[in-house]
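Structural characterization, general
Residue strings, one per chain:
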Amino acid sequence: MERMKMHDPTTQRAVLIVGAGGIAQRHIRGFLKTGRAALGIVEPDEGRRAATAQQYGIRKVYKRIEDVELAAWRAAVICAPANFHVPLATACAMGGLPFLLEKPLAVTMDGVDAMLELAAARKVAARVAYVRRASQELIEAAARIRAGTIGAVRLGYVNISQEFPRSRPDFQRTYYARPEMGGGAILDAASHVIDLLQWIMGDVREVAAMYDRLALPGVAVEDTCLISLRFKSGAMAQINLNQFQKPNTSWIEFVGLQGNLALDGSLLKIGMDDSGAWKTTDFRGEQTPGDYHEARFRRQADMFLDLLDGKSCHLTTLDEARANLRVALAAKESYT
């Protein structure tokens, strides 16, 4: 496990965590491990608020964001369900407070453009937390593709599937079970894939999908989706995703005119001929899969704090997240 760094408190940024659910816990641990942030919590549920504050030694706690003097904080991390994202982000933008917003950007386009315009007008630094952009293997893959290692990318194949109830046994009682809160395979899971494909392959021109609830009980959302994408470059990609299969599969392959590059979990593989041999780099090392995933949140937190310090940052912008949301919603609308 990573140790939480101890830095001079005078150099720490006051960061407000909005929400205290499962994803908020990962953000809290990530920011604490940087040693660069002093945290507060906004959480309407009294029991969850108290338990989280006690677990992490957080003293400043609030029930509602309206109770917070936003000028006293350097940034916010919005971890509420996705149907609350736009009003919470709007409140931060109105107060001139930089924010890191959990994915997806929203569940509809209602209010999205007005929020983006406000953030731009107030010059508020903001990013959306598609945490795979903090993955070492994805960063390296993007760099190699842009350097021309496999030539121009023409195809992408993705299969990211897992037994979701194993990692979230309470899934039927969370946002995931409800489409109006951003649950389901497309907005909750496939939007991660759409983000990384757009980052590497560019803007999407066309989308078509099939999706359904094939296995998971007690939810009103799809647990499976097949999404076909056509990019403005003419390249194509296929996303296959289900949330009930027993093996945990994460395979992302880019097909270039000179070779293929694949991400098999934390493994980066490059194949340049038909020998069947791949040149492989393992970015996980001795870490467990859980520890490796937790490390992504620490790197993501560092990247966002670097943004606050005026440094460059390749985390997802609001405009990129808006484009992602339009693709995800179009995928849902394409199949009825």
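Throughout, residues of each chain are indexed from 1 in the direction in which the sequence is written. The predicted nature of this model means local features are confined to residues of pLDDT at least 70 and side-chain atom pairs, given and counted, to a pLDDT of 80 or more, with totals for whole chains, interfaces and linings taken over all residues. Excluded from the side-chain calculations are hydrogens and water; all other atoms, namely the structure's heavy atoms, are used.

**Quick word on the overall build of the chain**
Helix and strand counts for the chain come out as nine helices and 14 strands. Here the globule rule reads 2.2 Å times residues to the power 0.38, and the radius of gyration is calculated from C-alpha atoms. Expected size for 336 residues packed as a compact globule is a radius of gyration near 20 Å; at 20 Å, the chain falls within 12% of this value. In terms of overall dimensions, the chain has a C-alpha envelope of 60 × 45 × 40 Å along the principal axes. Type-normalised accessible area, obtained with a 1.4 Å probe on protein chains alone, sets the label of each residue: buried when under 20%, exposed when over 50%, and partly exposed for intermediate values. Within the chain, the fraction of its 336 residues that count as buried is 52%. Throughout, a residue-residue contact means that at least one pair of heavy atoms, one from each residue, lies within 4.5 Å. Long-range contacts, defined here as pairs at least 24 residues apart, represent 69% of the contacts in the chain between residues at least 6 apart. Numbering of helices and strands runs from the N terminus; a helix is a DSSP stretch of H or I covering at least four residues, while a strand is a stretch of E covering at least two.

**Remarks on the pattern of salt bridges**
Whenever Lys or Arg places a side-chain nitrogen within 4 Å of a carboxyl oxygen from Asp or Glu, that contact is recorded as a salt bridge. Per the counting criterion, the structure on display carries 23 salt bridges. Of the charged contacts, one joins Lys 103 and Asp 188 as a salt bridge, the two residues approaching to 2.9 Å between their closest N and O atoms. A residue pair is termed long-range when its members are at least 10 positions apart, and Lys 103 in the loop between strand S5 (99–102) and helix H4 (112–121) and Asp 188 in helix H7 (residues 185–201) qualify at 85 residues. Salt bridges sharing common partners tie together Arg 13, Arg 36, Arg 298, Asp 302, Asp 306 and Asp 309.

**A few points about the environment of Lys 332**
Along the chain, Lys 332 turns up in helix H9 (residues 318–333). Taking the C-alpha atoms as reference points, Lys 332 and Leu 187, 145 residues apart in sequence, are found 9.2 Å from one another.

**A short note on the packing of H7 against H9**
Helix axes use the C-alpha atoms of the stretch in contact, all axes being lines fitted to C-alpha atoms, and the angles between their N-to-C directions lie in the range 0 to 180 degrees. Two elements in contact, H7 and H9, have axes whose closest approach is 9 Å; the angle formed by their N-to-C orientations is 125 degrees. The angle between the axes of H7 and H9 places the two elements in the oblique class. Crossing angle aside, the handedness with which H7 passes H9 is right-handed. When H7 is examined against H9, the residues Ile 186, Leu 187, Ser 191, Ile 194, Asp 195 and Gln 198 are found in contact with a partner set consisting of Glu 320, Ala 323, Asn 324, Leu 325, Val 327, Ala 328 and Lys 332. Classification used: nonpolar for Ala, Val, Leu, Ile, Met, Phe, Trp, Tyr, Cys and Pro, charged for Asp, Glu, Lys and Arg, polar for all others including Gly. When its residues are assigned to classes, the contact of H7 with H9 shows seven nonpolar, three polar and three charged. Convention used here: angles under 35 degrees read as roughly parallel, angles over 145 as roughly antiparallel, angles from 65 to 115 as roughly perpendicular, and any remaining angle as oblique. Throughout, a crossing is termed right-handed when the near helix is turned clockwise from the far one, and left-handed when it is turned anticlockwise from it by less than a right angle.

**With respect to the sheet that holds strand S11 (residues 249–256)**
Strand order across the open sheet formed by eight strands is S8-S9-S10-S7-S11-S12-S13-S14, with mixed pairing between neighbours. Edge positions in the sheet fall to strand S8 (204–212) and strand S14 (279–282), since each has one partner strand and no second. Pairs of neighbouring strands in the sheet enclose a mean axial angle of 10 degrees, with direction left out of account. Only when DSSP finds a minimum of two bridges between them are two strands counted as paired. Pairing of strand S9 (residues 224–231) with strand S10 (residues 236–242) involves seven bridges; the strand directions are antiparallel.

**Considering the sheet that holds S5**
Strand order in the open sheet formed by six strands is S3-S2-S1-S4-S5-S6, and the pairing between neighbours is parallel. In this open sheet, the two strands that pair with only one neighbour each are strand S3 (60–62) and strand S6 (126–129). Each adjacent strand pair in this sheet contributes to an overall mean axis angle of 20 degrees, direction not counted. Pairing geometry for strand S4 (residues 75–78) and S5, over three bridges, is parallel. Bridged to Ile 78 within S5 is Leu 101.

**So, the pairing of S5**
Neither face of S5 is left uncovered, since the one carrying Phe 99 and Leu 101 and the one carrying Leu 100 and Glu 102 both have all their residues buried. Two elements, S5 and S6, share four bridges in a ladder whose sense is parallel. Pairing of Glu 102 across the sheet is with Ala 129, part of S6. Each parallel crossover has a hand, and for S5 linked through H4 to S6 it is right-handed. With the strands pointing away from the viewer, any crossover whose connection runs clockwise from the first strand over the helix to the second is right-handed.

**Digging into the confidence of the model for the chain**
Detailed reading of the predicted coordinates is not advisable wherever pLDDT is low. pLDDT gives the predictor's per-residue confidence on a scale running from 0 to 100. Averaged over the chain, the pLDDT score is 95; the fraction of residues at 70 or greater is 97%. Contacts for the low-pLDDT stretch residues 1–10, under 50 throughout, to residues beyond four places or in other chains number 15 contacts.

**Considering the side chain of Glu 294**
Summarising the element assignment, Glu 294 is placed in helix H8 (residues 289–308). Among all residues touching Glu 294, those that are not within four sequence positions of it are Arg 26, Arg 29 and Lys 33.

**Side note on the side chain of Glu 43**
Tracing the backbone shows Glu 43 in the loop between strand S2 (37–42) and helix H2 (46–56). Despite its burial, Glu 43 pairs with no opposite charge, the nearest such side chain being Arg 48 at 4.2 Å. Aside from chain neighbours lying at most four places away, what touches Glu 43 is Gly 19, Ala 20, Gly 21, Arg 48, Arg 49, Tyr 62 and Lys 63. When charges are tallied, Lys and Arg are placed among the positive residues and Asp and Glu among the negative ones, while His and the ends of the chain are skipped.

**Section: H4**
Turning to H4, its buried residues are Val 112, Met 115, Leu 116, Leu 118 and Ala 119. Burial along H4 is one-sided: seen end-on, the buried residues are contained in an arc of 160 degrees. H4 presents Glu 117, Ala 120 and Ala 121 as exposed residues on the side facing more than 90 degrees away from its buried surface. Where H4 is buried, its residues meet helix H3 (85–94), S5 and H9. The arc in question is the one spanned by the directions pointing from the helix axis to the C-beta atoms.

**Observations concerning the packing of aromatic side chains**
A pair of aromatic rings is counted whenever rings of Phe, Tyr or Trp (Trp by its six-membered ring) have centres within 6.5 Å, and the orientation is called stacked for planes under 30 degrees apart, edge-to-face for over 60 and tilted otherwise. Across all of its chains, the model carries six aromatic pairs by this definition. Seen from their ring centres, Phe 164 and Tyr 176 are 4.5 Å apart, and the 35 degrees between their planes marks the pair as tilted. With Phe 164 in helix H6 (residues 164–167) and Tyr 176 in the loop between H6 and H7, this residue pair connects regions lying 12 residues apart in the sequence. Phe 164 sits in the buried class, given a relative accessible area of 8%. According to the relative accessible area criterion, Tyr 176 is buried, its value standing at 0%. Geometrically, a charge over a ring is one whose NZ (Lys) or CZ (Arg) sits within 6 Å of the ring centre while staying within 35 degrees of the ring normal. Lying across the ring of Trp 199, Arg 146 places its NZ or CZ 5.0 Å from the centre.

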